[in-house]
Amino acid sequence: MERDVVISVRNLYKSFRLPTERVSGLKQAIFNRLKGIKGYKEQKVLTGINLDIYRNEFIGIVGRNGSGKSTLLKTLAKIYFPEKGTIDINGNLVPFIELGVGFNPELTGRDNIYLNGALLGFSNKEMDAMYDDIVDFAELRPFMDQKLKNYSSGMQVRLAFSIAIRAKGDILLLDEVLAVGDAAFQKKCNNYFEEIKGKQTIILVTHSMENVRKFCTRAILIDNGKVSIDGSPEKVAKAYEKLWN
Amino acid sequence: MAIPNFLYKNNRVLLKELTKTDFKLRYQNSVLGYLWALLRPLMMFAILYIVFAKLLRFGGDIPHYPVYLLTGTVLWSFFTECTMQGIRAIVQRGELLRKICFPKYIVVVSTTLTAVINLLINLVVVVIFALINGVTPSPTWLLVPLLILEIYAFALGISFLLGAINVKFRDITSIWEVLIQALFYAIPIIYPIAMIASAAPIAAKIILLNPIAQVIQDIRYCLITKETITIWNYVDNVFLQIIPFAIVFIVLIWGSWYFRKKSKRFAEEI
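Everything quoted here is computed from the prediction, not taken from an experiment. (Residues numbered from 1 in each chain as written. Chains lettered and ligands numbered in written order. Predicted model: local features only at pLDDT ≥ 70, side-chain atom pairs only at ≥ 80, totals over all residues. Heavy atoms only, no water.)

**Q** Please clarify how the overall build of chain B should be interpreted in this entry.
**A** Scanning chain B from terminus to terminus reveals 14 helices and 0 strands. Secondary structure elements of chain B occur, N-terminal to C-terminal, as α-α-α-α-α-α-α-α-α-α-α-α-α-α. Against the 2.2 N^0.38 benchmark of 18 Å for 270 residues, chain B shows a C-alpha radius of gyration of 19 Å, consistent with a compact globule. Dimensions of chain B, computed from C-alpha atoms along their principal axes, come out at roughly 60 × 45 × 35 Å. Pairs at least 24 residues apart make up 77% of the contacts formed inside chain B by residues separated by at least 6 positions. Surface exposure of chain B reaches about 12,600 Å², of which carbon and sulfur atoms provide 71%. Between the averaged position of the 24 positive side-chain charges in chain B and that of its 13 negative side-chain charges there is a distance of 8 Å. (Helix = DSSP H or I, 4+ residues; strand = E, 2+ residues; numbered from the N terminus. Rg over C-alpha atoms; globule rule 2.2 N^0.38 Å. Contact = heavy atoms within 4.5 Å. Areas by Shrake-Rupley, 256 points an atom, 1.4 Å probe, with all protein chains shown as cover. Lys, Arg positive; Asp, Glu negative; His and termini not counted. Charge placed at Lys NZ, Arg CZ, Asp CG, Glu CD.)

Rendered as structure tokens:
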């Protein structure tokens, strides 16, 4: 059976310019220009990533700190532009690099849901359709007209998380967020992921091999900005654990 | 999702949501709430009126001088607020830009639109003052929206240009603060331009080439009194008359182009 490719990454390169000294001042910038100092160092983060992701795969991306996982995720989310290479995305991609981005403590829960939805590119009408579902999953209906600053921190992440997983996107990007809140809510999140495993395309960056084994249908180990191993969750989890031994 | 297009519906939704939020938040937790949007320029007006109209007697023979002064301060407050907030907008929303991909210009436009809403509220006050002061409504009032569009385009262009530079060089905000102080005295807001015109006609003509001065004088002409000196009745060369518009046009185009070019690296550089 031919499977649909939803994300296709070809030969992706990304590097950052890291300032070598403080150049956030005009004076310094002019001095550096005069002295011929570039003022930054090229840091190569992704060095030729090739990757195909198929519809309804639950992909775990693992790797050591600084290996380029998050940069890859942010490049997929179009937050960073690719320096070289191409990314083809087929479908609506909903990124959650961090929970509760754009949340404003002075707004009510309801307003925050709509604002967050707008930031993710959903229209008010689309949000109307998702609203009840989000509120029910978060179990926060009685608090929707209260300001977010009066929520407990657990309630805030529950709301953020519910938007993340109930937003009707084709592809979901998650950075190190799977289960939040108290034990009961965490269980609910875990059940939810087991339930949708194989029914939605999800890309998860994580350090938890337990989660990789439990949820993922395929895993990828990133090392030094390259795909080092691409295979079954078990194989990748073992290789990852070996990095230390 | 690919092309940041103003006509793209979801971008309009985002613009609306951000503007609504900005406006809502600005006056939250204050007892007088939205009234502050009105009170600030009115208080500035009261001070300037006492100092310049009553103590220094700047008004001279200009009819409806208090309204004339109020119009100037309201427009100046708008320009200052618009550019100051617009230039800072990207840096202030930095956290957001690093986590979600959305058209960056929306942040600048939404922030400056809040200033536009404030201006519109203030203009209602100006009109009420004008009517109380005995100004008769005239068809030229209808030209005011076009002039507001011009000054907004100028402020937006500056916000795009300097806001993009501000991401890397934060000094821009401070430099602009100083510049705008200087600009305040280079524009006939508190003093009537007639004072300059009688002493040094050339200087008055140069002042009128500044788009902000041109707009303020034009709005005073349209709204209050036909005895206002404007670029149209004071500078007689057609090529000189189009200079303010050319400045606005160039700044807006250059600003948008530069912003667009730099915006793809904002997430990395903030």
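**Q** Explain the packing of helix α2 (residues 35-55) of chain B against helix α5 (residues 105-132) of chain B to me, please; I cannot follow it from the model alone.
**A** A pair of packed helices is characterised by two quantities: the angle between their axes and the separation of those axes. Residues and elements named next belong to chain B. The interhelical angle for the contact between α2 and α5, taken along N-to-C directions, is 55 degrees, at an axis separation of 9 Å. What the angle tells us is that α2 and α5 run oblique. As α2 packs across α5, the resulting crossing turns out to be right-handed. Contacts between α2 and α5 pair A37, L38, P41, L42 and F45 from the former with N118, I121, N122, V125 and F129 from the latter. Residue classes in the contact of α2 with α5 are distributed as 8 nonpolar, 2 polar and no charged. (Axes fitted to C-alpha atoms, helices over the stretch in contact; angles between N-to-C directions. Parallel < 35°, antiparallel > 145°, perpendicular 65-115°, else oblique. Left-handed = near helix turned anticlockwise from the far one by under 90°. Nonpolar A, V, L, I, M, F, W, Y, C, P; charged D, E, K, R; others polar.)

**Q** How should I be thinking about the sheet that holds strand β7 (residues 201-205) of chain A in this particular structure?
**A** Each strand in a sheet pairs with its neighbour through backbone hydrogen bonds, running either in the same direction (parallel) or in the opposite one (antiparallel). Residue and element names in this part refer to chain A. Overall, mixed pairing links the 6 strands, which are arranged β5-β6-β7-β3-β8-β9 in an open sheet. Pairing within the sheet leaves two strands with one partner each, and these edge strands are β5 (93-96) and β9 (226-231). For this sheet, the mean inter-axis angle between neighbouring strands, taken without regard to orientation, is 15 degrees. Pairing geometry for strand β3 (residues 58-62) and β7, over 4 bridges, is parallel. Looking at the pairing, G60 lines up with L204 of β7. (Pairing = 2+ DSSP bridges.)

**Q** Explanation requested: the domain arrangement of chain A in the structure shown.
**A** Interface extent is often summarised as the accessible area lost during association of the parts. All names here are of chain A. Along its sequence, chain A is organised into domain 1 (1-32 + 41-91 + 170-245) and domain 2 (104-169). Here the C-alpha centre of domain 2 lies 25 Å away from the C-alpha centre of domain 1. Contact residues are listed per partner, giving 14 residues for domain 1 and 13 residues for domain 2. Here domain 1 and domain 2 share an interface that buries about 1,100 Å² over both sides, 69% of which is from carbon and sulfur atoms. Area buried by domain 1 at its contact with domain 2 is led by F185, K188 and Y192, which between them contribute 48% of it. Linking domain 1 to domain 2 there are 1 salt bridge. Among the salt bridges present, the one from E139 reaches K188, with a minimum N-O distance of 2.8 Å. Among the secondary structure elements, those contributing two or more residues to the side of domain 1 that touches domain 2 are β6 (171-175) and α6 (183-196). With 5 residues, the top contributor of residues to the side of domain 1 that touches domain 2 is α6. (Domains from an automatic or database assignment. Buried area = accessible area lost by both parts, 1.4 Å probe. Salt bridge = Lys/Arg side-chain N within 4 Å of Asp/Glu carboxyl O.)

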